[in-house]
Amino acid sequence: MLSNAIVESHIAGLSFTPGIGGTVIPEFYPGSGQGDVSGLDPTAKMMLSVADLICYYEDSYSLSTATFYKVDKETGDAYLITNYHAVYYSGSGISQDIQLFLYGMETNNYAISATYVGGSLINDVAVLKVSGSEIIKNSYATAITPAPSDNVRVMDQVYAVGNAKGWGLAATQGIVSLESDGLNLAGADGSEITLRAMRVDAAINLGDSGGAVFDTEGKFIGLICAKNTNSAVDNIGYAIPSDLVIRLADNIIDNCNGATSVKVIKPLMGITITYYA
């Protein structure tokens, strides 16, 4: 798994500066200000649909990625999807200090505060919320357009976008190697979890957790979650299929937003018990 990518403990009182990736605004990226992204090439929108994610804990921090699910430019509100293991650190639990950085705005003066809405450890999906951000209001951040992952086929071309090594948002490309693969791996708390995931050969690196896999139309087909780190293999990365990710995100938003519960709710048919994933 692409674990929390914990680096050496930061020195108290010093703020973290994200990597340089994306700080030189490319030609396709509009200047600051509220604008219409509908005319942009689909590959340009991919970069605007993800954010650097930094989670601070008591004596450390983690570097990963989050993907925009819903964005309201008028209010500055947004929901983002990431991995559960990207916001959870063993011994500390869920991060209480979460910051996001948009592509092309990856400097401390553009930090966006986010809060944890809820998540599922066994599915490795979590939802974050941004409320009333002036940066979001005046940015070109855009929500993903999900595509049915059931339509994905082996050999389909894909793009992966994430915060590799915490050096800033960047993209890689490849193909779908396998539509559905079984994974047995350690969850965020160290327990064993089983996932069904899409296998891709686009380069996936530490820090890409919570990033997005897109098809050639720029539509979201998977949430980056893991890679095979065996030195004997190359380019075996994994993404949770979009169909499952969207169902989980909607469940979390509907049942955890503003509620005491922060876990996915699974009703068990025929009885009154509610199971929390």
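Described in the following lines is the structure provided in the data block. Predicted model, so just to flag it, every value in this text is computed and none were measured.

1. Quick look at the overall build of the protein chain
- Looking only at helices and strands, the protein chain has four helices and 16 strands in total.
- Across the 277 residues that make up the protein chain, the buried fraction comes to 53%.
- Per element, the accessible surface of the protein chain, about 12500 Å² overall, is 49% carbon and sulfur.

2. Quick word on the packing of aromatic side chains
- For the coordinates displayed, the defined rule picks out three aromatic pairs.
- Consider the rings of Tyr 84 and Tyr 88, whose centres lie 5.6 Å apart with planes at 25°: the pair is stacked.
- Classification of Tyr 84 by relative accessible area gives buried; the value is 10%.
- Residue classification places Tyr 88 among the buried positions, given a relative accessible area of 17%.
- The side chain of Lys 73 reaches across the aromatic face of Tyr 140, ending 5.9 Å from its centre.

3. Some thoughts on the environment of Ala 170
- Inspection of the secondary structure puts Ala 170 in strand β10 (residues 170-186).
- In the structure, Ala 170 is positioned 123 residues away from Met 47 in sequence and 7.7 Å away in space, judged by C-alpha atoms.
- Sequence-distant contacts of Ala 170, that is, excluding residues within four places in its chain, are made with Met 47, Ala 160, Val 161 and Gly 162.

4. With respect to the nonpolar core
- Ranked by size, the top nonpolar core spans 63 residues in total, and within it Leu 53, Leu 80, Leu 100, Leu 102 and Leu 128 carry the most contacts.
- Counting 13 residues, the second-largest nonpolar core is a separate cluster that includes Ala 147, Met 198, Val 213 and Ile 221.

5. Here we look at the pairing of strand β13 (residues 220-227)
- In terms of residue burial, β13 counts as a mostly covered element, since seven of its eight residues are buried.
- Where strand β12 (residues 212-214) and β13 come together, three bridges link them in antiparallel fashion. Within the sheet, the bridge partner assigned to Phe 214 lies in β13 and is Phe 220.
- Once β12 ends, the chain turns through five residues before running back antiparallel as β13, passing Gly 218 with a positive phi of about 80°.
- Judged from the five bridges that link them, β13 and strand β14 (residues 237-241) form a sheet pairing that is antiparallel. Looking at the pairing, Ala 226 lines up with Tyr 238 of β14.

6. Thoughts on the environment of Leu 244
- With respect to the secondary-structure elements, Leu 244 resides in helix α4 (residues 242-256).
- For the pair formed by Leu 244 and Asn 123, sequence separation is 121 residues and the distance between their alpha carbons is 9.0 Å.

7. A closer look at the pairing of strand β3 (residues 77-82)
- With five of six residues buried, β3 is to be regarded as a mostly interior element.
- By the bridge criterion, five bridges tie strand β2 (residues 61-72) to β3 in an arrangement that is antiparallel. Paired with Lys 70 across the strands is Tyr 79, a residue of β3.
- Counted between consecutive antiparallel strands, the loop separating β2 from β3 contains four residues, among which Gly 76 sits at a positive phi close to 75°.
- Note that β3 and strand β8 (residues 125-130) share five bridges and pair antiparallel.

8. Some details on the sheet that holds strand β7 (residues 112-120)
- In spatial order, the strands read β1-β2-β3-β8-β7-β6; together these six strands close into a barrel with antiparallel pairing. The sheet shows a mean angle of 40° between the axes of neighbouring strands, taken without regard to direction.
- With three bridges joining them, strand β6 (residues 97-102) and β7 adopt antiparallel strand pairing. Following the sheet pairing, Gln 99 is matched in β7 by Ser 113.
- The strands that α4 touches are β2, β3, β7 and β8; relative to β2, the one it contacts most, it runs at about 80°.

Calculation criteria
- Residues numbered from 1 in each chain as written.
- Predicted model: local features only at pLDDT ≥ 70, side-chain atom pairs only at ≥ 80, totals over all residues.
- Heavy atoms only, no water.
- Helix = DSSP H or I, 4+ residues; strand = E, 2+ residues; numbered from the N terminus.
- Buried < 20%, exposed > 50% of the residue type's maximum accessible area, 1.4 Å probe, protein only.
- Areas by Shrake-Rupley, 256 points an atom, 1.4 Å probe, with all protein chains shown as cover.
- Phe/Tyr/Trp six-rings, centres within 6.5 Å; stacked < 30°, edge-to-face > 60°.
- Lys NZ or Arg CZ within 6 Å of the ring centre and 35° of its normal.
- Contact = heavy atoms within 4.5 Å.
- Core = buried A, V, L, I, M, F, W, Y, C linked by side-chain atoms within 4.5 Å.
- Pairing = 2+ DSSP bridges.
- Axes fitted to C-alpha atoms, helices over the stretch in contact; angles between N-to-C directions.

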